[in-house]
Amino acid sequence: MGAASAVARPGTPLYKNASAPIDLRVRDLMGRMTLEEKVGQIIALWATKAEIMDDLTFSPAKASAAYPAGFGQITRPSDRRGAPNGSTQAGGVGARWRTPADTVAFVNAVQRWAVEETRLGIPVLFHEESLHGYMATDATMFPMAIGLAGSFDRQLMQDVQSVVAREVRARGVHLALSPVVDIARDPRWGRIEETFGEDPYLCGEMGVAAVLGLQGEGKELGPGKVMATLKHMTGHGQPQSGENIAPAPISQRDLRENFFPPFRAVVKRTGIAAVMPSYNEIDGVPSHMNQWLLRDILRGEWGFDGAVVSDYGAVPELDTIHHVQPDLRAAARAALRAGMDCELPDGLAYRTLVEQVRAGLVPPEAVDAACKRMLTLKFRAGLFENPWPQKDYDRLTGNAEARALALRAAHRSIALLKNDGVLPLKAGAQAKVAVIGPNAAVARLGGYSSIPREAVSLLEGIQAKLKGKAEVVHAQGVFITQSEDRSVDEVLLADPAKNRQLIAQAVDMAKGADVVILAIGDTEQTSREGFAANHLGDRTSLDLVGEQNDLFAAIKATGKPVVVCAINGRPPSYPSVAEGANALLECWYPGQEGGTAMADILFGDVNPGAKLAVTVARDAGQIPVFYNRKPSARRGYVFEDIEPLFPFGFGLSYTRFEIGAPRLSAPRIGVGGEVTVEVDVRNVGDRAGDEVVQLYVHDRVASVTRPIKELKGFERVTLAPGESRTVRFTLGPDAFALWNLDMQEVVEPGQFDILAGPDSRALQSVTLEIV
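Residues numbered from 1 in each chain as written. Predicted model: local features only at pLDDT ≥ 70, side-chain atom pairs only at ≥ 80, totals over all residues. Heavy atoms only, no water.

1. Quick word on the overall build of the chain
A count of helices and strands for the chain gives 20 helices and 28 strands. Its C-alpha atoms give the chain a radius of gyration of 26 Å, near enough to 28 Å, the size a compact globule of 771 residues would have. Along the longest, intermediate and shortest principal axes, the C-alpha atoms of the chain span 80 × 65 × 50 Å. Residue burial in the chain is summarised as follows: out of 771 residues, 63% are buried. Long-range pairs, those at least 24 residues apart, make up 76% of the contacts in the chain between residues at least 6 apart in sequence. Summing over all exposed atoms, the chain offers an accessible surface of approximately 26,800 Å²; the carbon and sulfur share of this is 49%. For the chain, the separation between the mean place of its 82 positive charges and that of its 93 negative charges on side chains is 3 Å. (Helix = DSSP H or I, 4+ residues; strand = E, 2+ residues; numbered from the N terminus. Rg over C-alpha atoms; globule rule 2.2 N^0.38 Å. Buried < 20%, exposed > 50% of the residue type's maximum accessible area, 1.4 Å probe, protein only. Contact = heavy atoms within 4.5 Å. Areas by Shrake-Rupley, 256 points an atom, 1.4 Å probe, with all protein chains shown as cover. Lys, Arg positive; Asp, Glu negative; His and termini not counted. Charge placed at Lys NZ, Arg CZ, Asp CG, Glu CD.)

Structure follows, in structure tokens:
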């Protein structure tokens, strides 16, 4: 079906007039709606899809009987939840997928019913997960978010998210639950892979780029774009004991200095459509009923005028987990009062609102406000003009262009952390290459992934690279877990006795090889979202799970060169591996083209240039460990080194760069002024490569304690051998502001160190005075 005409016919209601202003269309429509229809717009269907379906087929008759007033939203049309034999896993990760054709048919049928058979013809909003690719079959799976952040490449992030948006929109979906801009300060937390790392500035820049890619400029959607949802506000990434949804013991100052800035950057610099609060509590108040957070800060201070949508099940959890509300009805009242516009995934609490309004327990104006925002989102999305999937959805999904971008993104997301000269390998220089390890023969995609049209493992990538040039042999080495299904609840480690046998076999194979590529790390079971007490994903230890350290030690003892490819979603603390490996690549979960990308880097066809978006702890006892610490932190331990295994922003190359000291356009500026900083970078090696020039600021003396350094600029540059470039940064009041003793955001006069270098540790500085 095509788009509706923008020219209104005589007698057409104002809300159906595409040329009318959106606020007037919303007002006109709401003036025609009953209470039941308004509440219908702020609920969704997920498990309750069973009420409107015959198996996988939408039933208009059932929908009209179950929802005579209509419903506003459907949760994840690509999964089978609600259908017979559909998954019952919370979070939907175990759902049995619909085919793309089934999804499109389902969306078309629902919209036809909504537009043609409901009283007012209000289209349904569909939303999907798209953390690092559309979480649906055949869609392109890009590197995990933490890897993409390590690219330090804003344009790459925007390009990736543009493809994600295109694939989501093609199937008739207009809202994506992405991006995640929580800063992550605890690698025990299984969701750290979903984040852009530990730094507020980096998370903000990547978040802005992601939203521009998904949604485009402004607040109204263009072709091939989807509404974005900013997640999860806030404190999610530093939970008590590293456990998902645990309290975030964070002060207001820490919120304003570190956790708020990425959210504020996106709200201020984009037309972000929706914001999703976090599961956790801050200062005793769960985010889903936190009026200070959602009303005073988000809407009041930052001026956000979009929709606030709940995380899955978070409103009922005000009763069942947090125990701050006595029942579902009270939870609905508290969330609505705080400004929660829509309850996902099924609207179980908000379904009580009609009765509560009738009983005088909920003011009708509160429902009106939520309904108004959800309808505004629909109008901004263009749903009333064109709610349909695209006929060429198949051509737009997982195509050659998307695969090429997935490969490029993987190239730019892999960080070289150690190299004694063994890398890059030369194809054909070794007669036999052994590819060993539990992550060698499987393409690990990480959480919130579906099944792409193709996925390349490390083993497959190396086999393709060395075809006709060298013999490639493979050994499992060890298994990490007993199952590879990330949706299962109980995680069982593999049998140690069996693993010892596999280690012996791997050693025999390694002895006959010229070099060993060892693929170790995590699985989608050992680090993941712990969304329920029976489905955990957080850990106390950061070291390698199971017998992987034994495998490494045994392979190292053969005397063969060992190149480690770490494939994971969390930054592991593996001091034995870091010390003993000849080379170490942090590959994260590199996406569907990861095997090809890793092989390209191992054999020198691509020069790695990514950096770490997080500090890698030496030991779990250092946690929380992050580069922008306060001066009184990290005094030292009795028996252990205080330094991390690898610092934030760190990453090596196959070439060498020299970065000069920063130069200022002026040695002194006023409190409202700005300064230009120039930094020279030169490739002094013998091959082309990328360097990320990083700019940090340190306030020497202030009225409140300040971090020892804060990232305020970065630029990734590609240089040929011998080539130089001058990188320029402009620092204004935002770069120097702090929250003073009176909790006012100000720039205080004083001296500031302006530091530049290739990572957060190797820095040169110049002094700026602010008067």
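2. A look at the sheet that holds strand 8 (residues 274-277)
Ordered by their spatial adjacency, seven strands build an open sheet running 1-4-5-6-7-8-11, and the pairing between neighbours is parallel. With one partner strand each, in any of the chains shown, strand 1 (44-45) and strand 11 (307-308) form the two edges of the open sheet. Across two bridges, strand 6 (residues 175-177) lies against strand 7 (residues 227-233) in parallel orientation. Counted as the bridge partner of Ala176 is Ala228 from strand 7. (Pairing = 2+ DSSP bridges.)

3. Notes on the sheet that holds strand 14 (residues 471-475)
Judged by pairing direction, the sheet is mixed, and its six strands sit side by side in the order 12-17-16-15-13-14 without closing on themselves. This sheet does not close on itself; its edge strands, each paired only once, are strand 12 (415-419) and strand 14. Neighbouring strand axes in the sheet, compared pairwise and without regard to direction, differ in orientation by 20° on average. The pairing of strand 16 (residues 562-567) with strand 17 (residues 583-586) spans four bridges and is parallel. Its bridge partner being in strand 17, Cys565 is matched across the sheet by Leu585. Along the sheet, helix 16 (residues 496-511) contacts strand 13 (432-436), strand 14 and strand 15 (515-521); its crossing angle with strand 14, the most-contacted strand, is approximately 165°. On top of the sheet, helix 17 (residues 548-556) reaches strand 13, strand 15 and strand 16; it is set at about 170° to strand 15, its chief contact. (Axes fitted to C-alpha atoms, helices over the stretch in contact; angles between N-to-C directions.)

4. A look at the pairing of strand 5 (residues 125-129)
In terms of burial, strand 5 is a largely internal element, five of the five residues being buried. Here strand 5 shows two buried faces, one formed by Leu125, His127 and Glu129 and the other by Phe126 and Glu128. Examined bridge by bridge, strand 4 (residues 73-75) and strand 5 share three bridges and lie parallel to one another. Looking at the pairing, Ile74 lines up with Phe126 of strand 5. With three bridges connecting them, strand 5 and strand 6 associate as parallel partners.

5. Some details on the pairing of strand 15
Counting buried positions along strand 15 yields seven of seven residues, so the element is predominantly enclosed. The pairing of strand 13 with strand 15 spans four bridges and is classified as parallel. In the sheet register, Val435 faces strand 15, and the bridge partner there is Ile517. For the crossover from strand 15 across helix 17 to strand 16, the handedness is right-handed. (Right-handed = clockwise from strand over helix to strand, strands pointing away.)

6. Brief notes about the packing of helix 8 (residues 252-269) against helix 9 (residues 291-301)
Between helix 8 and helix 9, the shortest axis-to-axis distance is 11 Å and the interhelical angle comes to 50°. As far as their axial angle goes, helix 9 and helix 8 are oblique. Helix-helix and strand crossings are classified by hand; for helix 8 and helix 9 the assignment is right-handed. Along the contact surface, helix 8 presents Gln252, Leu255, Arg256, Phe260, Val267 and Lys268, while helix 9 presents Trp292, Leu293, Ile297, Leu298 and Glu301. (Parallel < 35°, antiparallel > 145°, perpendicular 65-115°, else oblique. Left-handed = near helix turned anticlockwise from the far one by under 90°.)

7. Focus on a negative patch on the surface
A surface patch of like charges, here negative, comprises Asp619, Glu640, Asp641 and Glu643. Mapped onto the elements of the fold, Glu640 is located in the loop between helix 19 (594-602) and strand 18 (657-659). (Patch = residues over 30% accessible without salt bridge, like charges linked within 9 Å, V, L, I, M, F, W, Y side chains within 5 Å. Salt bridge = Lys/Arg side-chain N within 4 Å of Asp/Glu carboxyl O.)

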